[in-house]
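# Structural overview for review
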Amino acid sequence: MRVILLGAPGAGKGTQAQYISEAFGIPQISTGDMLRAAVKAATPLGLAAKKVMDEGGLVPDDIIISLVKERLEQSDCVNGCLFDGFPRTLGQAEALRAEGINIDYIIEIAVPDEEIIKRMSGRRVHLASGRTYHVVFNPPAVPDTDDVTGELLVQRDDDCEQTVRKRLKAYHELTEPLIGYYRNLSMNGSADAPKYSSITGIGGVEQIKKEVIAALNS
Ligand code: AP5
Ligand code: ZN
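This write-up is about the structure you can find in this document. Not measured: the values here are computed from a predicted model. (Residues numbered from 1 in each chain as written. Chains lettered and ligands numbered in written order. Predicted model: local features only at pLDDT ≥ 70, side-chain atom pairs only at ≥ 80, totals over all residues. Heavy atoms only, no water.)

### Thoughts on the sheet that holds strand 3 (residues 81-84)
The condition that has to hold: When DSSP finds two or more bridges between two strands, those strands count as paired. Runs of E in the DSSP output that reach at least two residues are strands. Runs of H or I that reach at least four are helices, and both are numbered from the N terminus. Where helices are involved, their axes are fitted lines through C-alpha atoms of the stretch in contact, as for all axes, and angles between N-to-C directions lie from 0 to 180°.
Read from one edge to the other, the open sheet built from five strands follows the order 2-3-1-4-7, with strand pairing classed as parallel. With partners counted over all chains shown, the strands left at the sheet margins are strand 2 (28-30) and strand 7 (195-200), one partner each. With direction set aside, neighbouring strand axes in the sheet form an average angle of 20 degrees.

### Remarks on the state of the cysteines
How we decide: Disulfide: a pair of cysteine sulfur atoms within 2.5 Å of each other.
If you walk through the whole model with that rule in mind, you get zero disulfides. Summary of cysteine pairing: Cys-77 is not part of a disulfide, and the nearest cysteine sulfur, belonging to Cys-81, is at 5.3 Å.

### Quick notes on the pairing of strand 5 (residues 123-126)
Which entries qualify depends on this criterion: Remark: exposure states derive from per-residue accessible area (1.4 Å probe, protein chains only) relative to the maximum for the residue type, with buried under 20%, exposed over 50%, and partly exposed in between.
Because side chains alternate across strand 5, one face comprises the buried residues Arg-123 and Val-125, and the other comprises Arg-124 and His-126, equally buried. By the bridge criterion, four bridges tie strand 5 to strand 6 (residues 131-134) in an arrangement that is antiparallel. Following the sheet pairing, Val-125 is matched in strand 6 by Thr-132. Once strand 5 ends, the chain turns through four residues before running back antiparallel as strand 6, passing Gly-130 with a positive phi of about 85 degrees.

### Brief notes about the site of ligand 1
The following threshold applies: For this purpose, a residue is taken to be near a molecule or strand whenever a single non-hydrogen atom of the residue falls within 4 Å of it. Under this definition, polar contacts are N or O atom pairs within 3.5 Å; protein pairs additionally need one hydrogen-donor-capable and one acceptor-capable atom, and for neighbouring residues in sequence, both atoms have to be side-chain atoms. The protein chains shown are the only cover counted for residues, whose accessible areas, like all others here, come from Shrake-Rupley with a 1.4 Å probe. As a working rule, the residues Ala, Val, Leu, Ile, Met, Phe, Trp, Tyr, Cys and Pro are called nonpolar, Asp, Glu, Lys and Arg charged, and the rest polar, with Gly in that last group.
Taken together, 36 residues form the shell around ligand 1, and within it Thr-15, Gly-57, Arg-88, Arg-123 and Arg-167 come nearest. In this structure, an oxygen atom belonging to ligand 1 sits 3.0 Å away from a main-chain N or O atom of Gly-12. Isolated, ligand 1 exposes 1000 Å² of accessible area, and the fraction of that covered by the protein chains is 97%. When contributions to the shell around ligand 1 are tallied by element, the ones reaching two or more residues are helix 1 (13-24), helix 2 (31-40), helix 6 (113-120), strand 6 and helix 9 (205-216). Per-element tally for the shell around ligand 1: the top contributor is helix 2, with four residues. Residue composition of the shell around ligand 1, grouped by class: 14 nonpolar, 14 polar and eight charged.

### Thoughts on the packing of helix 2 against helix 3 (residues 44-54)
The description of two packed helices rests on the angle between their axes and on the distance between the axes. Spelled out, the test is: Crossings are sorted by hand: turned counterclockwise from the far helix by less than a right angle, the near helix makes the crossing left-handed, and turned clockwise it makes it right-handed. The contact definition used throughout considers only heavy atoms, calling two residues in contact when any of these lie within 4.5 Å.
For the pair helix 2 and helix 3, the least separation of the axes is 7 Å and the interaxial angle reads 115 degrees. Along this stretch, helix 2 crosses helix 3, giving a crossing that reads as left-handed. Across from Gly-32, Leu-35, Arg-36, Ala-38 and Val-39 in helix 2, the residues of helix 3 making contact are Leu-45, Gly-46, Ala-49, Lys-50 and Met-53. A breakdown of the residues in the contact of helix 2 with helix 3 according to their chemical character gives six nonpolar, two polar and two charged.

### Details of the environment of Leu-82
Relative to the elements of secondary structure, Leu-82 occurs in strand 3. Sequence separation between Leu-82 and Pro-9 is 73 residues; the distance between their C-alpha atoms is 17 Å. Contact partners of Leu-82, with chain neighbours within four places excluded, come to Val-3, Leu-5, Ala-17, Ile-20, Ser-21, Ile-26, Pro-27, Gln-28 and Ile-29.

### A closer look at the environment of Glu-55
For Glu-55, the position within the fold is in the loop between helix 3 and helix 4 (61-72). The spatial distance from the C-alpha of Glu-55 to the C-alpha of Ala-42 is 18 Å, given a sequence separation of 13 residues. Setting aside chain neighbours within four positions, we find Glu-55 in contact with Thr-163 and Lys-166.

Below you can see the structure in the form of structure tokens.
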């Protein structure tokens, strides 16, 4: 099974991705996590990406597409995968299609901008795994500590309000058109058309998880 999680920054893609990945036994491919790993390792790609990410922009398509292609060649992707934060432009979506990679489900998580701004200041992440928490809405068992490894949680560099607003702008301009693109694709009547579901991402994490899993079982 191949799934795309579509939604604004902070909509809850990463949070739900963890559950989907476990429930369906498919790896999560988060281009954001991959880029943050490259930044941490100070690779040439990481150094180039950091500037763009800190400014709330999008990393160029060619870099992202080759990163994803390379990831898809790994053996754990043979039975499917979950894309989190990819594709994010029409160019990336077309590249995925050109590779002949068929998508079974698109799950859009819809959250208004002002709710997102409120959420971001409370986000804490375990950088090595990408596990995501919120100090109020989804707290770890021990404050600032990852539930699995016991390691320290951190705030992301791009989670300040000014950068979040820029990321939202990039989302509306460059990523939101994918909603229409995938809705059209889902209605084209072909046997391999993906199923498109839009889920309201406001409410408890558990409730949203139930709705996401139900959509993936439909
Ligand atoms: P990326 O890491 O993908 O960031 P993003 O899309 O901006 O999304 P986020 O990770 O911020 O949010 P999320 O939807 O995963 O929400 P989360 O579950 O964490 O990308 C970072 C940067 O890398 C980009 O800006 C870009 O520069 C670059 N990049 C990445 N991919 C790219 C691509 N394909 N092309 C070009 N550039 C790319 O939840 C947010 C918070 O809310 C958490 O604290 C969580 O605990 C909390 N929360 C979750 N659900 C709920 C709920 N229901 N109620 C209350 N709180 C909740
Ligand atoms: Zn994320």
